[in-house]
Amino acid sequence: MHQLATVPSDTELPKSADVVVIGGGIVGACTGLFLAEAGFKVVICEKGEFGAEQSSRNWGWVRKMGRDPRELPLAIQAFEEWKGLNALTGEETGFRQQGITYFAETEEMMAKYLHWLDYAREYQLDTREITSDELKELVPGMARDFAGGLHTPSDGMAEPALVTAAVVTGARKFGALAFSRCAVRGVETEAGKLSGVVTEKGAIKCPFAVLAGGTWSTLFARNLGIRIPQLKFLANVMRTEPIAGGPEGCGSGPGFGFRKRLDGGYNVSMRSAHPVDIVPDSFRFYRDFQQALSHEKKAMRLRVSRRSFHELMVPNSWKLDAVSPFEKERILNPEPAHKILDEAKVNIGKLFPALKDIRIADRIGGQVDATPDALPIISGVDDIPGLHVATGFSGHGLGVAPGAGRMIAQMIQGKTPLVDPEPYRLSRFTDGTKIEHWPIGF
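Residues numbered from 1 in each chain as written. Predicted model: local features only at pLDDT ≥ 70, side-chain atom pairs only at ≥ 80, totals over all residues. Heavy atoms only, no water.

Draft legend 1. Molecular detail of the sheet that holds strand β10 (residues 193–199). Pairing in this open sheet of 3 strands is antiparallel, and the strands run β9-β10-β11 from one edge to the other. At either end of the open sheet lies a strand with only one pairing partner, and these are β9 (184–190) and β11 (202–205). Neighbour-to-neighbour, the strand axes of the sheet open up by a mean angle of 30°, direction not taken into account. (Pairing = 2+ DSSP bridges. Helix = DSSP H or I, 4+ residues; strand = E, 2+ residues; numbered from the N terminus. Axes fitted to C-alpha atoms, helices over the stretch in contact; angles between N-to-C directions.)

Written as structure tokens, this is what we have:
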């Protein structure tokens, strides 16, 4: 059974606000928190339940190591925000600095790790190369040898089942309102600028709105005539019951990934194995994703599924006084890829004999919103001043969400963001910029 800390919904929708956040996942929640902290009247609207989709269905890593160099400044800023998040919200997010380790099976993979480390040196991270012998000392109990690896002691984790609820609760302490099962159908404009949003429960006048809808952002934007090139892939993870004797912290290598949770159990999965449903957007955005598909073809497992046919029937436009697609499907709850998880269970048991007999508490599948360059979109929308977008986090959303939320809050305040927003602008897909997928993904 998928675990999720729940947050009760507010009940009385206000007539106006300073900012409406469209989407109550971890990115939307962080955006709402930092705007409310800055004194804005904030409303967070979630079509389903807060954090119920990929925000609570991920591995739970919070890392700087292995990031695309263009995303490193955002990851570093996010990490600074993570350090104070428990205190700011007054809630438990599960954030701990337990360290993350990458295992290199071959010298070729080790060379890729070191190539990334060359890029990262200017940021003065504590990431270091570790030899095969050092890896055995750092992660005892392994039943096989590796060529070496990378280790970042300051990297860490959070608890996906807890964190969104914690951040929404924290935002409320600063005066934000948060509504679950309250889908936003669209936006309204006056004189070419955003003037409000229309929800299934009524309209809210506002000069600013933030679209943080994850995989739903593309469909929402399409109804506004805005093109957001995203595709979805299925991420899978299983939660084990508590077990003694296994490794501490987080780690991943060929065929496995793990994180020891606060309760003594593990989140276990397999790195770089993701089913991808072929849907109408696969054809709409094929040219955008050609390079990414080439780089990730070993990891992407294309398939025709029920989802493929379901999305053929989803409308691309609707009126604001009509039921929207977001009210017809409140929460994406995909079946996990059991074959992938079965393989991950075998692999982790072979690597760590102490985990050979782990008992699985649940298996979880979640749809990840991915962009052609695997960089998020954190940006204003030129065609609708007042509308901002925070989406396309490409599997990195939990880790960088506080940084993204802080960026959007600073943009709306009219401040210069602490992180340069240029790499994350929406217009990069239309202004002739060469879109490059970082080729050394971990």
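Draft legend 2. Highlighting the packing of aromatic side chains. On inspection of all chains with the given rule, the structure shows 13 aromatic pairs. Ring geometry for F79 versus F95: centroids 5.5 Å apart, planes at 75°, classification edge-to-face. Of the two residues, F79 is situated in helix α2 (residues 72–83) and F95 in the loop between α3 (85–89) and β4 (100–104); the sequence distance between them amounts to 16 residues. For F79, a relative accessible area of 3% puts it in the buried group. Taking relative accessible area as the criterion, F95 reaches 10% and is therefore assigned buried. (Phe/Tyr/Trp six-rings, centres within 6.5 Å; stacked < 30°, edge-to-face > 60°. Buried < 20%, exposed > 50% of the residue type's maximum accessible area, 1.4 Å probe, protein only.)

Draft legend 3. Region of the structure containing the pairing of strand β21 (residues 387–391). Judged by how many residues are buried, β21 sits mostly within the fold: 5 of 5 residues are covered. Going residue by residue along β21, you find L387, V389 and T391 tucked away on one face and H388 and A390 tucked away on the opposite face as well. Where strand β12 (residues 208–211) lies against β21, 3 bridges are found, and the strand directions are parallel. Paired with L211 across the bridge in β21 is V389. Pairing of strand β20 (residues 377–380) with β21, which is carried by 4 bridges, proceeds in the antiparallel orientation. Bridge pairing in β21 places I378 opposite A390. Here β20 folds back onto β21, and the loop between the two strands holds 6 residues, one of which, G386, carries a positive phi near 105°.

Keep in mind that these numbers describe shape and distance, not what the molecule does.
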